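Architecture at a glance
Here is what each chain is made of, one letter per residue.
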Amino acid sequence: MKKLEVSLNILHYCIYRAHYNLHLLANKINPFNLIHELPFQKRRYEKLGIDIHKEINKAFSDKNNGLSIMVAGGVLFAVLFFLLFAITKILMSAINNGTVLSAGYFIGFGLLSLIVCYLFVFKNDKYLAYFKDFESWTKNESRKYGWTSFVFIVAVFLMFFVSLSWHR
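Quick caveat: nothing in here was measured; it's all calculated off a predicted structure. Throughout, a residue's number is its position along its own chain's written sequence, starting from 1. Predicted model: local features are reported for residues with pLDDT of at least 70 only, side-chain atom pairs are reported and counted for 80 or more only, and whole-chain, interface and lining totals are derived from all residues. Here the side-chain values reflect all heavy atoms present in the structure, with hydrogen atoms and water set aside.

Notes on the environment of Tyr127
Basically, it comes down to this: Only DSSP runs of H or I covering at least 4 residues are called helices, and only runs of E covering at least 2 are called strands; the numbering of each starts at the N terminus. Three labels apply to residues, based on accessible area from a 1.4 Å probe with only protein chains included: buried if under 20% of the type maximum, exposed if over 50%, partly exposed otherwise in between. Residue contacts follow a heavy-atom distance rule, with two residues in contact if any of their heavy atoms lie within 4.5 Å.
As for its placement among the helices and strands, Tyr127 is situated in helix 6 (residues 126-134). Classification of Tyr127 as buried rests on a relative accessible area of 4%. Considered as a pair, Tyr127 and Gly104 are 23 residues apart in the sequence and their alpha carbons are 30 Å apart. Ignoring anything within four residues of it in the chain, the contact list for Tyr127 reads Asn9, His12, Lys63, Asn64, Ile69, Val121 and Phe122.

Here is the structure:
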């Protein structure tokens with residue numbers, strides 16, 4: 001169970017970092033950021049005593065309530081949901097029992113995904129302790145776990161799409 005917890009938290013962290021890094025990349029090419037450079041906007045921010053770019057980045061990077069952590073939690077839930085769906089669909093097709101996945105299955109997949117996410121990642125903010133550990137990864141470790149997470153997510157979605165067309 002500990003390996004599952006660590007693996008889920010690694011996946012969660014990698015999704016969080018990917019989303020935050022995509023935000024930083026988007027900042028560089030986003031033409032709407034030029035709005036913040038207009039003189040009246042600059043005066044307003046100076047009057048408020050804020051650096052708008054730092055405030056926006058903080059809204060994304062906040063590990064308790066930030067946008068990136070919320071997206072990471074949602075993606076983690078979705079990955080688990082699609083994994084459960086795909087495995088069940090493939091197994092049902094393999095034993096060829098003719099059972100059709102009804103709404104009850106989807107509710108069950110959703111509840112199970114939610115329970116797993118809660119128990120292994122979100123309960124008592126476990127992920128924060130893991131994030132602290134993961135932030136000290138070397139560049140090679142970060143790259144390795146990032147690519148592993150990416151490949152896993154792609155594999156889950158490919159398995160999901162294959163399971164939709166799997167007939168025996």
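Notes on a nonpolar patch on the surface
The condition that has to hold: The residues that make up patches have over 30% relative accessible area and no salt bridge, and they are joined within 9 Å when like-charged or within 5 Å when they are Val, Leu, Ile, Met, Phe, Trp or Tyr. With residues, only the protein chains shown are counted as cover, and all accessible areas are computed by Shrake-Rupley using a 1.4 Å probe. Just to be clear on terms, a salt bridge is a Lys or Arg side-chain nitrogen sitting within 4 Å of an Asp or Glu carboxyl oxygen.
Together, Ile107, Leu111, Leu114, Ile115, Tyr118 and Leu119 make up an exposed nonpolar region whose accessible area comes to about 580 Å². Relative to the helices and strands, Tyr118 is located in helix 5 (residues 103-122).

Points about the packing of aromatic side chains
Spelled out, the test is: Here the aromatic set is Phe, Tyr and Trp, taking the six-membered ring for Trp, and pairing holds for ring centres within 6.5 Å; pairs whose planes are under 30 degrees apart are stacked, those over 60 apart are edge-to-face, and all others are tilted.
Per the stated rule, a full pass over the model turns up 23 aromatic pairs. Ring centres of Phe85 and Phe106 lie 5.5 Å apart, and the angle between their planes is 20°; on these two criteria the pair is classed as stacked. Taken together, the residues span a long stretch of sequence, with Phe85 in helix 4 (residues 67-95) and Phe106 in helix 5 at a distance of 21 residues. Judged by relative accessible area, which is 5%, Phe85 ranks as buried. Grouped by ring-pair contacts, the aromatic residues Phe77, Phe81, Phe82, Phe85, Tyr105, Phe106, Phe109, Phe157, Phe160 and Phe161 constitute a single cluster.

Points about the pattern of salt bridges
Considering all chains together, one arrives at four salt bridges under this definition. For Lys58, the salt bridge identified is with Glu55, shortest N-O distance 3.7 Å. In this pair, Lys58 and Glu55 are both assigned in helix 3 (residues 52-61), three residues apart and thus about one turn of the helix distant. Overall, the relative accessible area of 34% leaves Glu55 in the partly exposed class. In this structure, Lys63 engages Glu135 in a salt bridge whose closest nitrogen and oxygen atoms are separated by 2.7 Å. With Lys63 in the loop between helix 3 and helix 4 and Glu135 in the loop between helix 6 and helix 7 (139-165), this residue pair connects regions lying 72 residues apart in the sequence.

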